[in-house]
Amino acid sequence: MNEITDEDRERVKLLQQITSSKNEFKKLSLEQLQRLQELIEKKDYSHDKKAHKSKVKLLGKINVRIYELTEGRGIWG
């Protein structure tokens, strides 16, 4: 049986935060988004096709939000 690591707990906490409300995703700081991106990329979901698809979709949304924050777009919207 696999141990639950601190990274697993951190990833789940951030995922719960962004899934609790549509607006919570936009409230994450650049550092939180980058950390969530790193944690999700580390996790292997290849055994579950649906989970892997969700991972790719979420990483795309994170990349867009990071771009908006770093390029100054979408901050007011």
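Residues numbered from 1 in each chain as written. Predicted model: local features only at pLDDT ≥ 70, side-chain atom pairs only at ≥ 80, totals over all residues. Heavy atoms only, no water.

Chemist: I tried to follow a positive patch on the surface on my own but got confused; where do I start?
Modeler: On the surface, Lys49, Lys53, Lys57 and Lys61 cluster together to form a positively charged patch. Mapped onto the elements, Lys49 comes out in helix α4 (residues 49-71). Assessed through its relative accessible area of 74%, Lys49 is described here as exposed. (Patch = residues over 30% accessible without salt bridge, like charges linked within 9 Å, V, L, I, M, F, W, Y side chains within 5 Å. Areas by Shrake-Rupley, 256 points an atom, 1.4 Å probe, with all protein chains shown as cover. Salt bridge = Lys/Arg side-chain N within 4 Å of Asp/Glu carboxyl O. Lys, Arg positive; Asp, Glu negative; His and termini not counted. Charge placed at Lys NZ, Arg CZ, Asp CG, Glu CD. Helix = DSSP H or I, 4+ residues; strand = E, 2+ residues; numbered from the N terminus. Buried < 20%, exposed > 50% of the residue type's maximum accessible area, 1.4 Å probe, protein only.)

Chemist: I tried to follow helix α3 (residues 30-42) on my own but got confused; where do I start?
Modeler: The periodicity of an α-helix, 3.6 residues per turn, causes residues three or four positions apart to be oriented the same way. Taking 1.5 Å of rise per residue, the 13 residues of α3 would be expected to cover 18 Å, and the 18 Å separating its terminal C-alpha atoms lies within 8% of that figure. Those residues of α3 lying buried are Leu33, Leu36, Gln37, Leu39 and Ile40. If you follow the buried residues of α3, they end up packed against α1 (6-19), α2 (24-27) and α4. (Expected span 1.5 Å × (residues − 1). Contact = heavy atoms within 4.5 Å.)

Chemist: Can you help me understand the packing of α3 against α4 in this one?
Modeler: Two packed helices can be described by the angle between their axes and the distance between those axes. At a minimum axis separation of 10 Å, α3 and α4 run at an interaxial angle of 155°. The angle between the axes of α3 and α4 places the two elements in the roughly antiparallel class. Once α3 is placed against α4, the crossing between them reads as left-handed. Together, Leu30, Leu33, Gln34, Leu36, Gln37, Ile40 and Glu41 of α3 and Lys55, Leu58, Leu59, Ile62, Asn63, Arg65, Ile66, Leu69 and Thr70 of α4 make up the contact between the two elements. For the contact of α3 with α4, a count of residues per class yields nine nonpolar, four polar and three charged. (Axes fitted to C-alpha atoms, helices over the stretch in contact; angles between N-to-C directions. Parallel < 35°, antiparallel > 145°, perpendicular 65-115°, else oblique. Left-handed = near helix turned anticlockwise from the far one by under 90°. Nonpolar A, V, L, I, M, F, W, Y, C, P; charged D, E, K, R; others polar.)

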